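# Structure assessment
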Amino acid sequence: MSITKTNNILPASFYLRTDVVQCAKDLLGKTIRTNIEGQITEGIIVETEAYRGPDDRGCHAYNHRMTPRTKTMYLPGGHAYVYICYGMHPMMNVVTSLEGDAHAVLIRAIKPITGHDIMVQRRCMDKMSPTITNGPGKLAIALGIEKSLDACELNDSSPIIILDGGEIQEDNIYCGPRVGMTKHVGDCAHRPWRFYIKDNPWVSKPLVVDYTGKW
DNA sequence: ATAATGATTCGCT
DNA sequence: GCGAATCATTATG
């Protein structure tokens, strides 16, 4: 994997696109950086999932559901949607599309590139290992992302930003069913909206190699 | 006010 | 591979 990182923040136009599935693919290879009280950590996004309210049963905003939690998803693209899962795990999502259109991309795994020591400490590990950020809850902890950052905008003065970088070749993107959709009936459960970089050791789960970028 | 659920993780077998 | 941990969030009364 040769991924280039720039120091350019992704422009608002990246997030304001109306195709959240495409945004999820395009976020692969980008760099997420947090600055939490001066502690800088960065990682390359290697796995994502698309959630598309209102027609997606797997999405919190399915059927236009509006609650105190989900209202963040209705913000315009370029905001963070952070919520707590299983009562303890923070999940980092990027809101996309236009205001009122509840689409978001869950970041499921990153490859650490800056601030390894800080991440190891936050994860209470004694050394770097692939398990440090290979899951949505894990990477959020490693990056210091907490629920209090919910609804914050991803601009140059935000504690969370995403930097542009080289695009991943289509041939190097695999897709498959999203994780945790088993109970959802209908074809929503089978929509291959989980994306990951092929053969990347930092993804959360081994490949479910049924697809190669086609659906 | 109460009960059910979960876009997970970790430890143990 | 399996099950517990643990509580925010939601729906319902």
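Up top is the structure.
Residues numbered from 1 in each chain as written. Chains lettered and ligands numbered in written order. Predicted model: local features only at pLDDT ≥ 70, side-chain atom pairs only at ≥ 80, totals over all residues. Heavy atoms only, no water.

Helix and strand content of chain A: 4 helices and 9 strands. Over its C-alpha trace chain A gives a radius of gyration of 16 Å, about what one expects of a compact globule, namely 17 Å for 215 residues. Oriented by its inertia axes, the alpha-carbon framework of chain A measures out at about 45 × 35 × 35 Å. When burial is assessed residue by residue, chain A has 53% of its 215 residues classed as buried. Counting only carbon and sulfur atoms, one obtains 52% of the accessible surface of chain A, whose full area is about 10,000 Å². Of the side-chain charges in chain A, 24 are positive and 23 negative, and the distance between the mean point of each set is 5 Å. (Helix = DSSP H or I, 4+ residues; strand = E, 2+ residues; numbered from the N terminus. Rg over C-alpha atoms; globule rule 2.2 N^0.38 Å. Buried < 20%, exposed > 50% of the residue type's maximum accessible area, 1.4 Å probe, protein only. Areas by Shrake-Rupley, 256 points an atom, 1.4 Å probe, with all protein chains shown as cover. Lys, Arg positive; Asp, Glu negative; His and termini not counted. Charge placed at Lys NZ, Arg CZ, Asp CG, Glu CD.)

Close contacts around DNA strand B come from 20 residues, with His 89, Asn 93, Arg 123, Gly 137 and Lys 183 the closest. Counted by atom, the contact set of DNA strand B within 4 Å of the protein is 53% sugar and phosphate. The contact in question runs from a base nitrogen of DNA strand B to an N or O atom on the side chain of Tyr 83, over 3.3 Å. The side chain of Arg 108 places a nitrogen or oxygen atom 3.1 Å from a phosphate oxygen of DNA strand B. Mapped onto the surface near DNA strand B, the elements with two or more residues apiece are β4 (80-85), β5 (89-96), β6 (103-114) and α4 (136-142). Grouping the constituent residues of the surface near DNA strand B by class yields 8 nonpolar, 8 polar and 4 charged. (Near = heavy atom within 4 Å. Polar contact = N/O pair within 3.5 Å; in protein donor to acceptor, adjacent residues only side chain to side chain. Nonpolar A, V, L, I, M, F, W, Y, C, P; charged D, E, K, R; others polar.)

For the rest of this paragraph, the subject is the protein's contact with DNA strand C. The full set of residues close to DNA strand C is Arg 65, Thr 67, Pro 68, Arg 69, Thr 70, Ile 84, Tyr 86, Gly 87, Met 88 and Lys 147. Backbone atoms, meaning sugar and phosphate, form 75% of the atoms of DNA strand C found within 4 Å of the protein. The separation between a phosphate oxygen of DNA strand C and a polar side-chain atom of Lys 147 is 3.5 Å. Looking at the surface near DNA strand C residue by residue, the classes come out as 4 nonpolar, 3 polar and 3 charged.

This paragraph deals with the pairing of β6. For β6, a buried count of 9 out of 12 residues is recorded, marking the element as mostly surrounded by other parts of the structure. Pairing geometry for β5 and β6, over 4 bridges, is antiparallel. By the bridge assignment for β6, Val 94 is matched with Val 105. Here β5 hands over to β6 after 6 residues, with Ser 97 in that stretch at a positive phi of 70 degrees. (Pairing = 2+ DSSP bridges.)

What follows covers the environment of Lys 198. Along the polypeptide, Lys 198 turns up in the segment after β9 (194-197). For Lys 198, the residues in contact, after removing those within four places along its chain, are Asp 171, Asn 172 and Tyr 174. (Contact = heavy atoms within 4.5 Å.)

Judged by which residues are buried, β9 turns out to be covered on both faces: Arg 194 and Tyr 196 on one side and Phe 195 and Ile 197 on the other are all buried. When strand β3 (residues 39-52) meets β9, the two strands line up antiparallel, connected through 3 bridges. In the sheet register, Glu 47 faces β9, and the bridge partner there is Tyr 196.

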